[in-house]
Structure formats: structure tokens, C-alpha cells
Amino acid sequence: MAKTGITLTRRGLGAMLAVGLLAGGLAGCGNSDTGGDSDSGSSGGNSKLVIGFSQVGAESGWRTANTNSIKEAATTAGYELKFDDAQGKQENQIKAIRNFIQQKVDVIAFSPVVESGWDTVLKEAKDAKIPVILTDRAVDSADKSLYKTFIGSDFVKEGKLAGEWLVKEKSAATGPVNIVELQGTTGAAPANDRKKGFAEAIAANPNLKVVASQSGDFTRAGGKQVMEQFLRANPKIDVLFAHNDDMGLGALEAITAAGKTPGKDITIITVDAVKDGMQALADGKFNFIAECSPLLGPQLMDLAKKVKAGEEVPARVETEETTFTQEQAKTALPNRKY
Ligand code: AHR
């Protein structure tokens, strides 16, 4: 192995660690990385737009695709992105936003882990005159002036589309159809809204009953573990509604291990339409997917530029989406980007 030629004394090493820790502390408490010049933006006198972005974490295939879309779009636009991974914790996102305020970034964007508890930090950003853009998920703040715009999907609609498909699919049922539901992260907008939309839609058919509903935290491991519990506690499960593909994919393992055939013994409906989910649908293991697009990067960059320039932007920018049956998944899969 090549030698670096650097010899460190204990004291020298201690000093380096102290500097490193200080820098790490300033960067926020999740995993941060910064593309481009670290001293550019408003504070550094460089004209490059500087965006501070706090991401939920890396819980799902959807989230990875969303992170990639945002990073790629920032590079393409020539903006500096200060990216922070909150590792699923609201307190990390609040710290990251405070660090972005200290660093005087031009625009703050974030995808809130949960809906509630943002007013104080958003007020701090507003007082510092830094515009905020919500991406992917909403907050429940009554004061809409705390952010400039919200770009993302209509999660209630996604739940509704899933429920409407099921109502049609089971229209001939003469007895009870038992549904289990894998909810997303507790308190997150997509978990609250998909549950609501689905419940509203299935109310059209009194045979459809949700017999168990629990959070699998949007992860494969969570989906598998909670599905195992559902299977142990419920002798007759006809349908699984999973709030995302990853939980559905985890549940597939539990269903197979229980000696049942996914897609046949248990009808499976999910949300997202990431590649692995689409593959499961094309293979007949899933039955229906309501799409949720993670490709928000280019629109986010466009909105960031506009809010920084003081231009009017719509208060809500809704993502265009569709749904997939097994046949449609087979056609769409070869061109699926994520
Ligand atoms: O907020 C979007 C949701 O978060 C996606 O549907 C899910 O996969 C992700 O974790």
C-alpha cells in the first residue's frame, strides 16, 4: 500500500479530530454532503444559487430515486445543493434547517418526515427572509405564508385510486372481503392521506372490511415483519393494501413463507411504481399499483430559481401520475427509469 508521507502526533491528531467534529456539527446532524463550492452562494458572494435540502432518509426505492432526481437536477441547473439526510428523524430535519439558515442559503427545500411541528423553525426561516419550498410531503401549519409552494403528489387521490380499483375488482363478492393495510410512517402525510383516500373509496362496497392496519414505516423490513403478524392473527386475509411498493415487497416474503401465493390467494395493491414494484406486478405477484412519481428534481430547481427571484409561483404544484395493472406494467417496465 502506498504511504501518504504524513506523520501524526497524538496532539496533532486530536486537533484534527476537533476541527473535523466542529465542521461535522456545523453541517447538521444527519448525513450531509455539499455539491460544488463550499463557500459559494449568498454568504460567499458567488452568484450561484444555493439550495439547502433536507431529505427524509433512505427508507425506500422511491426515496433513493427522489434523492437522485434532486441531486442530478441541481447539477444540471448549475446550482449548489447542500444536501442533508435526516435519517427518518424530525429533530434532524429541524437542525438541518437551522444550519441552512445560519449558512444563509438562498432557498430551503425539504420533504417533511411528519406533518406536524414545523411552525417554529419555518418562522425562523421566514424571519431570516429565506424562502421555503415543501417537496413531496406537506405540513399541517395553519399559516400558509411560512412556505412559498408545495410540490408533490395528491396522496389522498392515490389511496382513492387504489380503493376504487378494489371496489371494481371485488364487485361480485357476496361475502366479507378481509383487507389488511400496511401504513407508511406514523404521522407522515402519505400515510395519513393514503389511508383516508382508500377508506373513502372502499366505503362504496360494504363487503370490503379493513380487519387490521398498522405501520410498516415505508420499509421492506417493516412490511415483512408486520405482514407476518397479520398472517398469524388473521386466518382469512383476502387483500393487502400497502402504502408503498417496498412494504409490499417485504410482505411478499411473509406471504410466501406462510405457504400462500401472492397475487392469487391474496390480492396485493401498492403505491409508487418503482422498478421492483413494477417487476412484481408484471410477474403477477402484485395486482395493482397507484403511481407516485419521485422525479421532482427539475421542477424543484425551476421553482427555487423563481422564488429566489421574487417571482410569483403557484401555492400548489401537483405531480402528474397514473395507475398500473399487471398488463400495463409489462408494457411500461422496459422504459421505467427508476
Ligand atoms: O412521501 C412519499 C413516500 O415516501 C413514498 O410513497 C414512499 O415510498 C416513501 O418512503
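Residues numbered from 1 in each chain as written. Predicted model: local features only at pLDDT ≥ 70, side-chain atom pairs only at ≥ 80, totals over all residues. Heavy atoms only, no water.

A. Summary view of empty space enclosed by the protein. In this structure the tally under the stated criterion is 1 cavity of 30 Å³ or more. For the lining of the largest cavity, the secondary structure elements donating two or more residues are α2 (61–77) and α6 (189–202). Of the residues in the lining of the largest cavity, the class split is 5 nonpolar, 2 polar and 6 charged. (1 Å grid on protein atoms, 1.4 Å probe; cavity = no way out; pocket = protein on both sides within 12 Å on 5 of 7 lines; lining within 4 Å. Points joined across faces, edges and corners; volume = space filled by probe spheres on them. Helix = DSSP H or I, 4+ residues; strand = E, 2+ residues; numbered from the N terminus. Nonpolar A, V, L, I, M, F, W, Y, C, P; charged D, E, K, R; others polar.)

B. Representation of the packing of aromatic side chains. Tallied over the full model, the rule gives 4 aromatic pairs. Here Trp165 and Phe288 contribute two aromatic rings whose centre-to-centre distance is 4.9 Å and whose plane-to-plane angle is 10°, an arrangement assigned as stacked. Note that Trp165 is positioned in helix α5 (residues 155–169) and Phe288 in strand β11 (residues 288–291), a separation of 123 residues in sequence. The exposure class assigned to Phe288 is buried, which follows from its relative accessible area of 4%. A cation sits over an aromatic face here: Lys71 above Phe83, 4.4 Å from the ring centre. (Phe/Tyr/Trp six-rings, centres within 6.5 Å; stacked < 30°, edge-to-face > 60°. Buried < 20%, exposed > 50% of the residue type's maximum accessible area, 1.4 Å probe, protein only. Lys NZ or Arg CZ within 6 Å of the ring centre and 35° of its normal.)

C. View of the nonpolar core. Core analysis: the biggest nonpolar cluster contains 30 residues, and Leu182, Met227, Phe230, Leu240, Ile266 and Phe286 have the highest contact counts within it. If you list the elements that add at least two residues to this core, you get β7 (177–183), α7 (220–233), β9 (239–242), α8 (245–257) and α9 (275–282). At 6 residues, α8 tops the list of elements feeding residues into this core. What Leu182 contacts, discounting residues up to four positions off in sequence, is Gln214, Gly223, Val226, Met227, Phe230, Leu240, Phe241, Ala242, His243, Met247 and Ala251. (Core = buried A, V, L, I, M, F, W, Y, C linked by side-chain atoms within 4.5 Å. Contact = heavy atoms within 4.5 Å.)

D. Inspection of the sheet that holds strand β8 (residues 208–215) at higher detail. If you trace the 6 strands from one edge of the open sheet to the other, you get β8-β7-β9-β10-β11-β13, paired in mixed fashion. Edge positions in the open sheet fall to β8 and β13 (323–324), since each of these has one partner strand only. In this structure, β11 lies alongside β13, joined through 2 bridges in antiparallel fashion. Bridge pairing links Ala290 to Thr323 in β13. Along the sheet face, α7 touches β7, β8 and β9 and points at about 150° away from the line of β7. (Pairing = 2+ DSSP bridges. Axes fitted to C-alpha atoms, helices over the stretch in contact; angles between N-to-C directions.)

E. Looking closely at the side chain of Arg336. Here Arg336 is to be found in the segment after α11 (326–332). Ignoring sequence-local partners within four residues, the contact set of Arg336 consists of Asp272, Ala273, Lys275, Met278, Glu291 and Phe324.

F. Fine view of the pattern of salt bridges. The final tally for this structure, using the stated rule, is 21 salt bridges. The salt bridge partner of Asp246 is Arg220, with a shortest N-O separation of 3.1 Å. Of this pair, Asp246 sits in helix α8 while Arg220 sits in helix α7, and the two are 26 residues apart along the sequence. The buried category is assigned to Asp246, whose relative accessible area is 6%. A relative accessible area of 36% means that Arg220 is categorised as partly exposed. Between Asp276 and Arg220 there is a salt bridge, with its nearest N and O atoms 2.7 Å apart. (Salt bridge = Lys/Arg side-chain N within 4 Å of Asp/Glu carboxyl O.)

G. Structural view of the environment of Asp127. Within the secondary structure, Asp127 sits in helix α4 (residues 119–127). Sequence separation of Asp127 and Leu146 is 19 residues, and the distance between their C-alpha atoms is 9.6 Å.

H. Fine view of the packing of α8 against α9. At a closest axis distance of 9 Å, the pairing of α8 and α9 adopts a crossing angle of 50°. Judged on the interaxial angle alone, α9 and α8 are oblique. Note that α8 runs across α9; the crossing there is left-handed. Contacts between α8 and α9 involve Asp245, Leu249 and Leu252 on the former and, on the latter, Asp276, Gly277 and Ala280. Residue composition of the contact of α8 with α9, by class: 3 nonpolar, 1 polar and 2 charged. (Parallel < 35°, antiparallel > 145°, perpendicular 65-115°, else oblique. Left-handed = near helix turned anticlockwise from the far one by under 90°.)

I. Focus on α6. Along its 14 residues, α6 runs 20 Å from first to last C-alpha, staying within 8% of the 20 Å computed at 1.5 Å per residue. If you check which residues of α6 are buried, you get Ala189, Pro190, Ala191, Asp193, Arg194, Gly197, Phe198, Ala201 and Ile202. Contacts made by the buried residues of α6 are with α5, β7, β8, β9 and β10 (267–272). (Expected span 1.5 Å × (residues − 1).)

J. How the structure looks around the environment of Lys104. Here Lys104 shows up in the loop between α3 (90–102) and β4 (107–110). Linking Lys104 and Lys129, residues 25 residues apart in sequence, is a C-alpha distance of 9.3 Å.

K. Representation of the pairing of β8 in the model. In the sheet, β7 pairs with β8 via 7 bridges, with the strands oriented parallel. Counterpart to Ile179 in the pairing with β8 is Val210.

L. Spotlight on the packing of α5 against α6. Remark: α5 packs on α6, axes separated minimally by 6 Å, with the N-to-C direction vectors making an angle of 35°. Relative to α6, the crossing made by α5 is right-handed. On the side of α5, the interface is formed by Phe155, Val156, Glu158, Gly159, Lys160, Ala162, Gly163, Glu164, Leu166 and Val167, while α6 contributes Ala189, Pro190, Asp193, Arg194, Gly197, Phe198, Glu200, Ala201 and Ile202. Grouping the constituent residues of the contact of α5 with α6 by class yields 10 nonpolar, 3 polar and 6 charged.

M. Expanded view of α4. Looking at α4, one finds that the buried residues are Val121, Leu122 and Ala125. Projected onto a plane normal to the axis of α4, the buried residues spread over an arc of 100° and lie on a single side. What points out from α4, more than 90 degrees from its buried face, is the exposed set Thr120 and Asp127. Against α3, β4 and β5 (132–135) lie the buried residues of α4. (Arc of directions from axis to C-beta.)

Purely spatial values, then, with no claim about function.
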